[in-house]
Amino acid sequence: MAWNSSSILLIDPDEMAARELAELLQNRPEPPKLWVAHSVASAEMILRTQPVDWLFIRITLWDDYQRLRSTLIGRPRGVIFLSGRNEKCTAHLSSTLDGHLQPPYRPGHLVRIWNRW
């Protein structure tokens with residue numbers, strides 16, 4: 001699936017990192033439909049009412065998302081974990097992740113994720 005025709009939900013309490021990634025995602029000729037939230041609670045209405053193709057979520061919020069998952073209208077086609085520079089706790093999840101990003105965000109990192117998908 002081409003990401004520029006997708007819907008993306010970005011959930012990250014780090015406002016600066018979220019803004020950086022959102023700008024990167026939107027800086028395309030045909031940008032995706034993009035929602036940005038700082039918590040799963042603030043994204044709950046989107047998750048319950050909108051189809052989301054790609055979920056970019058801070059790894060520390062994954063448990064909150066899992067608690068809601070059974071009540072959502074659908075599952076994202078891809079899940080990308082976000083972590084801070086000092087959060088290195090996803091190595092054991094590589095087989096279940098669709099992608100993992102850490103700042104600084106670069107277009108090449110996103111391209112590798114899309115191409116793998």
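Residues numbered from 1 in each chain as written. Predicted model: local features only at pLDDT ≥ 70, side-chain atom pairs only at ≥ 80, totals over all residues. Heavy atoms only, no water.

## Side note on the confidence of the model for the protein
This is how the line gets drawn: Residue-level confidence of the predictor is what pLDDT reports, using numbers from 0 through 100. Numbering of helices and strands runs from the N terminus; a helix is a DSSP stretch of H or I covering at least four residues, while a strand is a stretch of E covering at least two.
Averaged over the protein, the pLDDT score is 82; the fraction of residues at 70 or greater is 81%. Averaged pLDDT values over the elements of the protein bottom out at 71 in strand β5 (residues 99–101) and peak at 96 in strand β2 (residues 33–37).

## Things to note about the pairing of strand β3 (residues 54–58)
What counts, and what does not: Think of it in three bands: with a 1.4 Å probe and only protein chains considered, a residue is buried below 20% of the maximum accessible area for its type, exposed above 50%, and partly exposed in between. One requirement defines pairing of two strands: DSSP has to find at least two bridges between them. Orient the strands so they point away from the viewer, and a crossover whose first-strand-to-second-strand path over the helix runs clockwise is right-handed.
Buried residues dominate β3, accounting for five of its five residues. Covered by surrounding structure in β3 are Trp54, Phe56 and Arg58 together with Leu55 and Ile57, the residues of both alternating faces. The pairing of β3 with strand β4 (residues 78–82) spans five bridges and is classified as parallel. Note on β4: the bridge partner recorded for leucine 55 is valine 79. Regarding topology, helix α3 (residues 62–68) serves as the crossover connection from β3 to the parallel β4, and that connection is right-handed.

## Some thoughts on the packing of aromatic side chains
We apply this condition: Any two rings among Phe, Tyr and Trp, with Trp reduced to its six-membered ring, count as a pair given centres within 6.5 Å; such a pair is stacked if its planes are under 30 degrees apart, edge-to-face if over 60, and tilted if neither.
For the coordinates displayed, the defined rule picks out two aromatic pairs. Between tryptophan 62 and tyrosine 65, the ring centres sit 5.2 Å apart and the planes meet at 25°, which makes this aromatic pair stacked. Taken together, the residues span about one helical turn, with tryptophan 62 and tyrosine 65 both in helix α3 at a distance of three residues. Pairing tryptophan 62 with phenylalanine 81 gives two aromatic rings, centres 4.9 Å apart and planes at 65°, and the pair type is edge-to-face. With tryptophan 62 in helix α3 and phenylalanine 81 in strand β4, the pair connects residues that are 19 residues apart, well separated along the chain. On the accessibility criterion, phenylalanine 81 (2% relative accessible area) is buried.

## Some thoughts on the environment of leucine 21
Filter applied, for reference: Contacts are assigned to residue pairs with any non-hydrogen atoms lying within 4.5 Å of each other.
By the element assignment, leucine 21 lies in helix α1 (residues 15–26). For the pair leucine 21 and leucine 101, spaced 80 residues apart in sequence, the C-alpha to C-alpha distance is 9.7 Å. The residues contacting leucine 21, other than those within four sequence positions of it, are Leu10, Phe56, Leu82, Leu101 and Tyr105.

## Examining α1
Note the following rule: To estimate how far a helix should extend, the number of its residues minus one is multiplied by 1.5 Å. Whenever two N or O atoms come within 3.5 Å, that pair is a polar contact, provided that in protein one can donate a hydrogen and the other can accept it, and provided that, for residues adjacent in sequence, both atoms are side-chain atoms.
Spanning 12 residues, α1 covers 16 Å between terminal C-alpha atoms, matching the ideal 16 Å at 1.5 Å per step. The backbone nitrogen of methionine 16 lies 3.2 Å from a side-chain oxygen of the residue at the head of α1, namely aspartate 14.

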